[in-house]
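Chains, contacts and geometry: an overview
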Amino acid sequence: MKNITVGIVENDYTQEGAAPFSDSSSYRWKEQLTNNGFQIKIIDVYAADIVSQLKGCDAFMWRWGHFGGMYKIARRILPIIENSLNLLVYPDQNTSWHYDDKIIQSYLFELHDIPTPKTWVWYDKSKALNGVKNLNFPIVLKFATGAASENVILLNSINEANIWIERLFSYNLLSLNKLQFTKLSLIEVIRQIKNIALYRKRHLFNYDGYEPQSGYVLFQEFLKNNAFDTRITVIGNRAFGYRRKNRKNDFRASGSGNIDYNPQLIDQKFIHLAFDISRKLNLQSCAIDGLYDNQNNNVVGEISYTYISQYIYNCIGHWELNGSPYLGSLNWIEGHMWPEEVQIEDFIKRINQRLMP
């Protein structure tokens, strides 16, 4: 057997108070690959010699996130690793290039006939101001980026929408803070004047790894009949599911932490929809946020290649698909499983198909 080396970027996103390494993919990747006879090389993607570090590697794995500036590195280096160095990669470009970009995903959904809430994206202020006149309120305003319902707010009037259009085409914004800007108060005017002075000095913000947003506006229809969303995570031919209840007195479910793992309550139409998306987009891993539209049809709000590992492990079992996404059968497999176990199982198969004699 040829010695095969997998480059891995270490990560540990485990929150304080949780079990050690409960949200560290690299911890379990290394363990399972080592147990299967693979060599591990730790890669530092923040270093200047990243390309040199990758010499001798046959494959590469990095669970990168939308925070800490990781996306800036990922969108530059991952295409090089996969297409120029020709390494097997997890997540590959099909799986992750659209991660944490709701605008890109809206285009992909439309192109592939994936049901989603009605979405409007404008890159021109005058077109946005004219277009918003034809929308029915309330509507949802979103940044292209953000997780756990961060930077998602509900607008109840065209006046609110116009204010945000003006702001998004005038300033770089780091967050959507509805309470401060539903009207232009004296405090707000003073703050904006200060912002202009800061921009002219080219001193914007203290860097925290997040990208300022401006030059576009993204509106989405408000789906009023959802007290929860359904999170289905597909890895290969396996699906894990749970429901996330909305925050108290809020329309948003993501990030609420109020999770119901009862598989009997899962609408299996969302499972089929998740498999369909995964197949259409050729994804190694895919988590969907399933919702009901205002006609009670199943739609997807967003997809993500990555997710909190502990939430997947907490599922008491998973479904395996036999056949096509909509016509195939779903077989229930009892038992807890870390997502990394499945990711490595699928990745080893790909390594064997390409690299083993």
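First things first, this report covers the structure right here in the doc.

Analysis parameters
Residues numbered from 1 in each chain as written. Predicted model: local features only at pLDDT ≥ 70, side-chain atom pairs only at ≥ 80, totals over all residues. Heavy atoms only, no water. Patch = residues over 30% accessible without salt bridge, like charges linked within 9 Å, V, L, I, M, F, W, Y side chains within 5 Å. Areas by Shrake-Rupley, 256 points an atom, 1.4 Å probe, with all protein chains shown as cover. Salt bridge = Lys/Arg side-chain N within 4 Å of Asp/Glu carboxyl O. Helix = DSSP H or I, 4+ residues; strand = E, 2+ residues; numbered from the N terminus. Buried < 20%, exposed > 50% of the residue type's maximum accessible area, 1.4 Å probe, protein only. Polar contact = N/O pair within 3.5 Å; in protein donor to acceptor, adjacent residues only side chain to side chain. Pairing = 2+ DSSP bridges.

**A closer look at a nonpolar patch on the surface**
Residues Val51, Ile80 and Leu85 make up a contiguous nonpolar surface patch of roughly 220 Å² in combined accessible area. By the element assignment, isoleucine 80 lies in helix H3 (residues 70–84). Note on isoleucine 80: relative accessible area 37%, which makes it partly exposed.

**Some words on the side chain of glutamine 284**
The topology assignment puts glutamine 284 in the loop between helix H10 (268–281) and strand S12 (285–292). Judged by its relative accessible area of 13%, glutamine 284 falls in the buried class. Among the polar contacts made by the side chain of glutamine 284, one reaches the main-chain carbonyl oxygen of valine 89 at a distance of 3.2 Å.

**What about the pairing of strand S10 (residues 238–245)?**
Counting buried positions along S10 gives 7 out of 8 residues, so the element sits mostly inside the fold. Where strand S9 (residues 228–235) folds back on S10, the antiparallel hairpin that results is connected by 2 residues, among which glycine 236 adopts a positive phi of roughly 65 degrees. With 2 bridges joining them, S10 and strand S14 (residues 317–322) adopt antiparallel strand pairing. When the bridges of S14 are listed, arginine 238 appears paired with glutamate 320. Direction of pairing for S10 relative to strand S11 (residues 259–260): antiparallel, over a ladder of 2 bridges. Considered in S11, the bridge of arginine 243 is made with aspartate 260.

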